[in-house]
Every structure is written in C-alpha cells, then in structure tokens.
Amino acid sequence: RPAAKRGGAKGRGRGADEDEDDEDEEEDEAPRGRRKKKPTKKRRDASDDEDDSEDETPKKKRGGAANKKKGGKAQDSDEEDSDVGKGKKRKKGGGKKGGKEEEDSKGKKGGAKGKDKGKDKDDDKDMKKKKKKKKDESSHSDDEEEESLSEGEMARLKEEVEEKKKLIANIRNKPWRMKRRLMHLKEAQTFVDKFEGALGKGKGRKWYAYKVMMTKKWIKFQRDFENFRTACIPWESRIKEVESHFGSSVASYFIFLRWMYGMNLVLFGFTFGLVVIPEVLMGLPYGSVPRKTVPRAEQPTAQDYSVLMDFQGYCKYSVMFYGYYNDQRTIGLLKFRLPLSYLMVGIGTFGYSLMVVIRTMAKNADVGGGDGDEGEFTFSWKMFTSWDYLIGNAETADNKYASITTSFKESIVDEQENQKDENIHLRRFLRVLANFLIICSLGGSGYLIYFVVKRSQEFATRDDLSWYEKNEVEIIMSLLGLLCPPLFETIAELEDYHPRIALKWQLGRIFALFLGNLYTFLFALFDEVNTKLEQEQAIKNSSIWAMKEYYANYSRLVNDSEATPPPMDPADVIRGPCWETAVGIEFVKLTVSDIQVTYLTILIGDFARAVIVRFLNYCWCWDLEAGFPSYGEFDISGNVLGLVFNQGMIWMGAFYAPGLVGINVLRLLSSMYYQCWAVMATNVPHERVFKASKSNNFYMGLLLLILFLSLLPVVYTIMTLPPSFDCGPFSGKAKMFDVIMETIDLDLPAFMGTIFSYAANPGLIIPAVLLMVWFSYSIIFIYLFIFWPTISIAFCVQARDEEKNRRNNTDSTNQVMKDLEDLLPNRSLIPLAPPPEPEKIPEPQAKPTKTKPGSAGKGVNLEKDVALASTNPNTRGPVSRPPGPRGPGSMAGPGGGQGRGRGRGPPLR
Amino acid sequence: MGNKQTTFTDEQLEAYQDCTFFTCKEILRLHSRYRELAPHLVPLDYTNNPDIKVPLTLIITMPELKENPFRERIVETFSEDGQGNLSFNDFVDMFSALCETSPRELKTIYAFKIYDFNRDNFICKEDLQKTLNKLTKGELTPEEVALVCDKAIEEADLDGDSKLSFSDFENMISKAPDFLSNFHIRI
C-alpha cells in the first residue's frame, strides 16, 4: 500500500524536480514510519547496538519500492553520504528560485495553508506558491489513504520536531566540537522551522502556528531576560579576583555572602515597601499620639549621642521599632491595612526565606556530587580533583603544589602505617577529655550569658550605670564568640583527627556555642518579657486612672461640664513598658555590636597584624613573615557561621524591629567590600588543602536549621503572648493574629466570615500555612536527599556487578566512548597507541536484546550519560527514526547525529 | 555587538548561546579575550567565520591558565587538530565546558580527555605518572610515584585491566566531593 501511495505521490510530484524532491522527503517519512512498527520486533532481535544494522534491516524490507524511487541510490549509501547528499540538495534548492520558494512555502505552511484560501496576492511568487499548495492539498485530500497517512505522518513528524527541539535545548551538553554543535544546531533549527508549521491540522493549524510563534518569542524573551539578569549580578569580577588568589573555598564564602545579600534585599523590599514606607507616608506624624512621642521625662536627653547609640530616645520612638506603629485599621487615602500588612510581612519573611533556602539547597543537591565514602578513592581523588582550576596566582599555585605534595606524602605514610596502631587507649582518653573540656566551656558560656542577662535586668532599674554595665550583654556575647572558637581549636589538637573530620567537629562545636548563646539570650529575654507583661497590667490601670483624673480636673477647673476638654499632651500620657520594642532594641543592639566586633576583628586581627608583620620585619630578630605571627588566613568556617547567626538574629528581630532588615542590608553590602579588600590586602592563601566539599549545601543546611530555630520563638510570641496595650499595630487586641479575624469579619462578605469561622480556628491558620509551605518543599527536599541517593546507590551496586561480570568482555561500544573518540583529533597526529578499532560490534548474546545501546553494561551512570548525549534514548529505537537515506528526518536526529559520530571515519566537521 | 563594528551577527550570537553556557555578553567578552591574545591575527569582525587559529603558546599565557599544571593538555584537548591551536570556536568550547554551569557529565568527559595524556582512551600508569609529576612538580621520589599510581589504579579500576577506562574514571569521579568545585574556570 505505501508503495502504491508513493507512486501516486510521485506521479503528482513529477511536475517540478525540486518540488518533488522535497515532497518525497516528506511523503517518504510516513510509510517508513508506519512500516517501522512491523519490523520492530524482528529488528530488535537481529540488531545489536549499532545503528548500522538498524539502518540495514528496514532497507531490505523496503525492497522494490525503494528501488523504484528516484532517490533510491542514496538509500544504499551510508547515512553520512545521505547527509552530504542532502546538504547538496539543500544548496541546490537554495540556489534555484523555485526551490527557494518551495522552502519558504514549507516553512510557512502552517500559517499559509490556513489562510491560503482567503488571501489573494497578485504577486507572481505567491501565485506560484499557492498553486503548489493547492496541489499539496489536493494530494492530501485525494483519497482516504492519503488522509490516514498524513495523520500518521503528522504524529511522526511531530515527534521528530519535538526531538529536534530537545536537541536544540540540550546541544550545549554534548561533548562535541563546537563546529559540529553549530552545524547540528543549524540543521535542527531549519528542520524545526520547516516542519513545525506543517503540524497541527484543520482549524487547529492557525492556533498551532500562533502557539509556535509565541513559544519562540517566549524563548527569546527568556534568553534576553537571562542575559539581563546575569548582567545584574554584582561583584562578579571582584569574586573572580578573590577566587584566582585564594581558590574556590574562600570564594565560596563570598558567593554565599552575595546570595545572602540578594535574599535580604528581597526581605528589605517587603518590609520597607509594605510596612515602613506606608507608615511614614500615610500614618500619623511624629508627636501626634503617645506611642509616637518621647515621654516628657526622657525628652531632655532624648537627643544625646549616648542615648541614641543605645537606641533609646528618638530612636526608640521611630519607625525602626514595633512600638511606633499605630493600630488604626486603615491608613491614608488608599485605606492601607497596616496592621494586617505588618503581620503578613512578618510571616511572609519566614515563608519566603524558607522557600528560597530550600530551593537553593535542592538546586545545589542537583549539581553537588556524591559525598563519597572516606578512603574509597583517596589517591585517585587526590590525583584528579585536588587541583583547583580557578587558581591564577603564582603564590597560591605554589602553595597549592606544596599542599598537594604534602597531602600525598601524608597519604603514603598513612598507607604504609595503616597496619600498626599505636596506643589506641591514649588516643581515646584524649578524645574523651577534649570533648569533656568543650562541653564544660559550652556550659560555662551558656551560664555566663544567662547570668549577665539577669544582671542587666537588675541594671535596667538603675540609672547610675557605666558604659560597660549598659552594654555588658553584647560585649560578653561578642567576646565569647571571639574567644571560644580558637579555644576549641586548641582543644581539638588533643584529638588528633584527620583535618577534614576535625573541621566538621570544629564547625559543629562553634555552632553549638552560638546556638547555646542565642537561646540562653532568648530565654533570659522571655523572663524579661514576662515581668514586663506583669508590669503592664498595673500601668494600664494607672494610665486609665490618670486619664480620668485629667478629665475630672479639667472639668473641675473650667467648671463647665459642657465643654469638651482638649486632649492630653501625648508626651504626658503614662506608657506601658511595650515589651515588643524592648525585644526589638535588644536584637538591634546585638546586631550592631556584632557588626562592630566583626569589623574591628578584621581591622586588628588581620590588618594591623599584616602591617606589623610587613614593616617590622625589617628590624626584627626573627623572620616575622615566615615565623610566628605571619599573615592571617581567611577563616572561612568562622565567617560563614557568623553570617548564618547574624541572619538568625535578623529573622528573629525583624518582626519587632522592621528597621533591622535595613541595617542588615547595609551590613552585608559594606562587608562585601570591606572583606574583599581585607582578604586581598592582608590575608595569605591557605597552607592546607581546604576541603570545602559540598560546603555550599552544608552552609545552607545550617541556615535552614537556624531559620527554624528563629521561627519558633517568633511564632510562639505571635501565637501566645498578648500584645502591649498602648503600642504597636496590634494594640488593643487580645492576640496579634486577631487582625486576620478582624479582616475576615469586616472586609470580606459575611458568608465568608462564617465559612472561615467554621473552617478553622484562627489560631491554627498561621501554623497551618507555614506547615504547608514547609511540607511541600520538604517533600521535594526529602526526595532529593534521601530517595535519590538510595536509588542511585542501588543502581550503582548493580552497575558494579554487571561490570564485574563483563570483566573480560571488552566491548566498548557505548555512546560516551564514541563521543570521546570523536573528540580525538585527527588520528594521524597521535603519536602513540594505534587508534582502537572503532567498530567493535559486540556479540549480540552478550546483552539483553532490549537493552539500549550504551546502557547495557554501564548501569545507571552511563545511562545517565546516554540519556544526556542523545536527549531521548528512544531515538535510536526503530519507531522514531527511519533508516532511510534522505528526508530531513534522517538528517540530524539526535540518534542520527550519534550514529554518524560513531567512528565511521572522521565525523563531520 | 560593538559600538561601531559588529563582531557577531545576532544569529551567530544566538547560535553560540544555544551551544554554550554563556550569555551574549560573556561571548563578546570571550571574543575580546581571544583577540587580546593575538591582536594582529584575530580580526574584530567575525561575521563571516574566518578560519583563524591561535597557537598554544599564546593561549597558555592567559592568567586563567598560566598557573594550571595541565594547561597544555587542556588546550590540546580542546583544539581540533590536537596540536593546541585553537580557533575561536574551540576557545569558546573550552571555557564553556569548564564554566560553572556545565554539567558534571560533560566535565567528566573532558577531564578524562585531559588526563589521558597519550590519547589512547585509557588512563594508564604512564598518564598517572605524568599527572602526578605535574601536580607535585616532581617532588615525590620515583618509588612514591609508583606507589601512588598503583594505589590509584587499584582503587578505581573495576574491570581489572590495570588501566582506567572512561567508565572507571566516571565512577570514581562521580563520587568525588571536590570535582565540580575545582574543575572549573571562571572567565
């Protein structure tokens, strides 16, 4: 039947040579496509993994039909030839006018065909085109068979176009030479352009063409956007400079810092755009209500520098802190619901951060390699992965050489002395001792902070305080953060661990220290909040009492009960303690002192040290540069942990002090420049090989942990503690989240309110939303981290087994090897080793018949590669790729490309 | 697109963006870097794909490569003639494969090529020795070198032919923690 059909098609097509060629190409696909299904099974049996045989079998089947064909001779030739032939055809087509038109018409087929009936252009060319098209159409609608055929053809063509598209999308992942890639790309693109329009049918055609056009535009837009986005990424060159000086590990800190900056910028945008700026622009001005006014008693000192530095006085009654915000339900002309927005931003901050952190982790997990068991590949890894290709600085390179040599020597010594095990008891004892010491110091530091915070509460009631007494908490916390890590490091010397393990311990301990400190601080703070809450009750009563008294006095003095008394001066109103602002101030103070300590440490610990070492070296009795003080090294783990904890404080404090986010953005910005300068000017590259393995996700994991830990107290306070009665956006409500209830009741239609009140206890809404976000992301997360590794491990084991089974089977026909061979330059140039026989056809029985080429022996690892290399492994299955010599289908299909690449002489280039 | 003169047509830029991991700006930067290497050789105008190659000796003077112990191998691997002469296509190809966003699979393939000094599609003891000597600047004694090479082969060789085939190499490198972070060059 197909033969007959082709005959018919041919007869019709005979008119114009070029046309026929093209038409044939098209027509041809279909029968082949259909026929393919029949021989599939047989071919599967017969075929090994070579494309050749795949090509061969159906060719024979075609028999007479093929011979009849004009282009029959091309079929007998190799695929390669067919390609060449095709190229020629193309060129010919391009050269001749008619041919060109044909191409055009084909390209526009989708659009043109749809509208060819309606529009009549007097252009000669168009007329010609149309004629042709009519012919096409008639040929399509001629008989029933034609119709059904074209349907199959459509499906097949569609498939092929999809494949080409995939190829275009993935071409950058192929290990081909650029020239070949460019060529394939061009081919695929012309193919897609040509046939995309032909897809879809009837009325859907127009829509399809439109869709295709939009997709193209969308892709273009995406690319432009991507270009724009990468152009916007700041500090690229700065980081590159650091990278080339210090290698990838130090740079990873700066990349992390930049990432943090980006995230905080978004948080800053939310907080300022939705809370701070509306309040400033539309809210009541300073001095209008008590909460926005400095109390009379504080006014004389409210502008003193020392008071402002403590964030008291005018600072306390500013937009930076919670207490300043008014509880008006709507503000301004726009009826902006500030309290609601405040709560939503507070929660949204956490939601957004959670999302971003988890997404980044998932992305990193994608890329990040295996974690590898220690010791499985010690030497190979050292050999192949220890050189940091980013290094572009001679000094660093020398250091790297030295450290690699040392590590090799160490490994050799380890290897040689692996057997003898000296005094294990002593080592165990030392390790226990070290851990004991560290736990002691952790407990000690925790207690110290608790003690200090308690003491500061006592101090809070007194006025005669020195500067130290006022800032005791911050100073002690910063000092602990400064002194404990080196102490731990010293203690860790006792343990005598492998440096990488030691680093992990060190990080864990510092983390525990920071966490302990933070939480001790929090608990102490909660104590304070509770006492404030008790005070508040009393003050509330006395405040109301004072108000009443004022009015009573007024009416008594004026002696006119009719006149409304002028409102009380806001500065004179008795205030509650406003615990939210107090908490906010604590966090801001902590953050600021943390910034100061960090910057001073850099200035003194690194810069001053570098200056001294550099200049005193001329007149000193020993070599300062090489000897004792030497220059500092950049402390990656310490800096990262500092950053992470700082972020934790921001998350916790941002709800009570919206201005904190702004401070943090400034801090990150300045620290980018400052630390970049400091590291370039004062630090020297690491002497040891610093293994920052998968560090990015490790840091992200820390960040996630901190995020949860800082989420807890904030959510706890929002859910359980009553807001202050006279300050902040939620004053006057029993709980902060009552704002949501209020909105539901007042702003939404009544029935919605009832639904909501039935549906959920409002106290559950917020945690439910947060939990939902968390769950949806953690599912992805768990999938990536837990299931994927197990699956791949299972496959790896399998692959290994298979590999062992095939030990003596030397067949090396897999896709990757082919590609590798492709990459080999001209073989005649290779001095050594005769080129391996390119066409090693493996014994068919060596493999399960259904296995795809390449995947047979290599299990998952290779399968991945194959999938990558050929976009769609099925491409090489019989269904989608016809073996015929011509037709655009055989031209540059992913499968075709590889088929060609398989060492049949030099690949096309 | 330069201010006065176009270096590439839009089409070329699109094609390069499809074939590499670079953005438009980066490709233009690559071109200017490429041109810096041999200003008299490389024209500013690349719209007609001139067939120009810059020799290895010039390429390895780039700061990105000049400290790399494997610089010659890298350049040779990516050059089409195997001699280290890079056309602009090869040049772009090289940095695309080594850039941060290129996938592990691609990097593995090229790493294998780079470490396969004698280009026989296996990393044999000889290759390992060369690698090691380059990495340590020949600081290890011959016995140590031999020991390390034996150990490395013992660890990674799955099929027992005492040389590393690509699958051995891939299996080994896919578990390496530092491979991705270290095997990249930022341009």
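Per an unreviewed UniProt entry, chain B goes by Calcium and integrin-binding family member 2 and derives from Monopterus albus.

In the annotation of an unreviewed UniProt entry, chain A is listed under the name Transmembrane channel-like protein and assigned to Monopterus albus. Within the UniProt record for chain A, the comment given under Subcellular location (unreviewed entry) is "Membrane". Per its UniProt entry, chain A bears the Sequence similarities (unreviewed entry) comment "Belongs to the TMC family."

Attention shifts here to the overall build of chain B. Counting its regular elements, chain B contains ten helices and two strands. When each of the 187 residues of chain B is scored for burial, the buried share is 65%. In chain B, once contacts between residues fewer than 6 apart in sequence are set aside, the share between residues at least 24 apart is 55%.

For chain A, the helix and strand inventory stands at 32 helices and two strands. A total of 909 residues make up chain A; the buried ones form 49% of that total. In chain A, the proportion of contacts linking residues at least 24 apart, taken out of those at least 6 apart, comes to 77%. When the accessible surface of chain A is summed, it comes to about 44,000 Å², and 62% of that surface belongs to carbon and sulfur atoms.

Glancing now at the UniProt feature "transmembrane region" (unreviewed entry) in chain A. All names here are of chain A. Here, the residues flagged by UniProt with the feature "transmembrane region" (unreviewed entry) are residues 265-286, 340-358, 432-453, 506-526, 649-669, 698-719 and 764-797. Taken end to end, residues 506-526 is 100% helix and 0% strand, and its two terminal C-alpha atoms sit 30 Å from one another. For the annotated span residues 649-669, helix accounts for 81% and strand for 0% of the residues, and the straight-line distance between the end C-alpha atoms is 17 Å.

Let us now look at the state of the cysteines. Residue and element names in this part refer to chain A. Scanning all chains against the criterion turns up one disulfide over all chains. What pairs with Cys-578 in a disulfide is Cys-727, and their sulfur atoms sit 1.9 Å apart. The S-S bond linking Cys-578 to Cys-727 shows a torsion near 95°; that makes this disulfide right-handed. Residue Cys-578 is located in the loop between helix 21 (499-558) and helix 22 (579-616), and its partner Cys-727 is located in the loop between helix 25 (695-720) and helix 26 (738-747); the two are separated by 149 residues in the primary sequence. Judged by relative accessible area, which is 8%, Cys-578 ranks as buried.

Moving on: the confidence of the model for chain A. Residues and elements named next belong to chain A. Within chain A, residue pLDDT values average 69, and 61% of them lie at 70 or more. A low-confidence stretch, residues 1-147 stays under pLDDT 50, and its non-local contacts, those more than four residues away or across chains, total 214 contacts. Confidence over residues 825-909 falls short of pLDDT 50; this stretch has 235 contacts with residues more than four positions distant or in other chains.

Per the UniProt annotation, the sites labelled "domain: EF-hand" (unreviewed entry) are residues 66-101, 103-138 and 144-179 of chain B. Along residues 66-101 of chain B the backbone is 53% helical and 6% strand, and the end-to-end C-alpha distance reaches 22 Å.

Below, the discussion takes up the side chain of Asn-664 of chain A. By the secondary structure assignment, Asn-664 of chain A is in helix 24 (residues 659-682). Not counting residues up to four positions away in its chain, the partners in contact with Asn-664 of chain A are Asn-264, Asn-646, Gln-647 and Ile-650 of chain A.

With that settled, consider a nonpolar patch on the surface. Residues and elements named next belong to chain A. A cluster of nonpolar side chains, contributed by Leu-600, Leu-603, Ile-604, Phe-607, Val-611, Phe-615, Tyr-618 and Trp-677, occupies part of the molecular surface with about 810 Å² of accessible area. Mapped onto the fold, Phe-607 is located in helix 22. The exposure class assigned to Phe-607 is partly exposed, which follows from its relative accessible area of 31%.

Now for the packing of aromatic side chains. On inspection of all chains with the given rule, the structure shows 52 aromatic pairs over all chains. When the centroid spacing of 5.9 Å and the interplanar angle of 85° are considered together, the rings of Trp-235 of chain A and Tyr-673 of chain A count as edge-to-face. With Trp-235 of chain A in the loop between helix 12 (204-232) and helix 13 (236-282) and Tyr-673 of chain A in helix 24, this pair connects stretches of sequence that are 438 residues apart. With a relative accessible area of 39%, Tyr-673 of chain A lands in the partly exposed category. Consider the rings of Phe-8 of chain B and Phe-88 of chain B, whose centres lie 5.5 Å apart with planes at 25°: the pair is stacked. Highlighted residues: Phe-8 of chain B in the segment before helix 1 (10-19) and Phe-88 of chain B in helix 5 (residues 88-98), separated in sequence by 80 residues. Each of the two residues, Phe-8 of chain B as well as Phe-88 of chain B, counts as buried. Grouped by ring-pair contacts, the aromatic residues Phe-384 and Tyr-389 of chain A together with Phe-70, Phe-112, Tyr-115, Phe-166, Phe-169, Phe-179 and Phe-183 of chain B constitute a single cluster. It is Arg-180 of chain A that lies over the ring of Trp-176 of chain A; its NZ or CZ is 4.2 Å from the centre.

Further remarks concern the nonpolar core. One finds Phe-254, Phe-256, Leu-343, Phe-521, Phe-587, Val-588 and Phe-655 of chain A to be the most contacted residues of the largest nonpolar core, which totals 118 residues. Of all the elements, helix 13 of chain A adds the most residues to this core, at 15 residues. In this structure, Phe-379 and Tyr-401 of chain A together with Ile-27 and Leu-65 of chain B belong to the second largest nonpolar core, which totals 90 residues.

Definitions and limits used
- Residues numbered from 1 in each chain as written.
- Chains lettered and ligands numbered in written order.
- Predicted model: local features only at pLDDT ≥ 70, side-chain atom pairs only at ≥ 80, totals over all residues.
- Heavy atoms only, no water.
- UniProt positions renumbered as here; feature names shortened; annotations may be inferred.
- Helix = DSSP H or I, 4+ residues; strand = E, 2+ residues; numbered from the N terminus.
- Buried < 20%, exposed > 50% of the residue type's maximum accessible area, 1.4 Å probe, protein only.
- Contact = heavy atoms within 4.5 Å.
- Areas by Shrake-Rupley, 256 points an atom, 1.4 Å probe, with all protein chains shown as cover.
- Disulfide = S-S within 2.5 Å.
- pLDDT = per-residue confidence, 0-100.
- Patch = residues over 30% accessible without salt bridge, like charges linked within 9 Å, V, L, I, M, F, W, Y side chains within 5 Å.
- Salt bridge = Lys/Arg side-chain N within 4 Å of Asp/Glu carboxyl O.
- Phe/Tyr/Trp six-rings, centres within 6.5 Å; stacked < 30°, edge-to-face > 60°.
- Lys NZ or Arg CZ within 6 Å of the ring centre and 35° of its normal.
- Core = buried A, V, L, I, M, F, W, Y, C linked by side-chain atoms within 4.5 Å.

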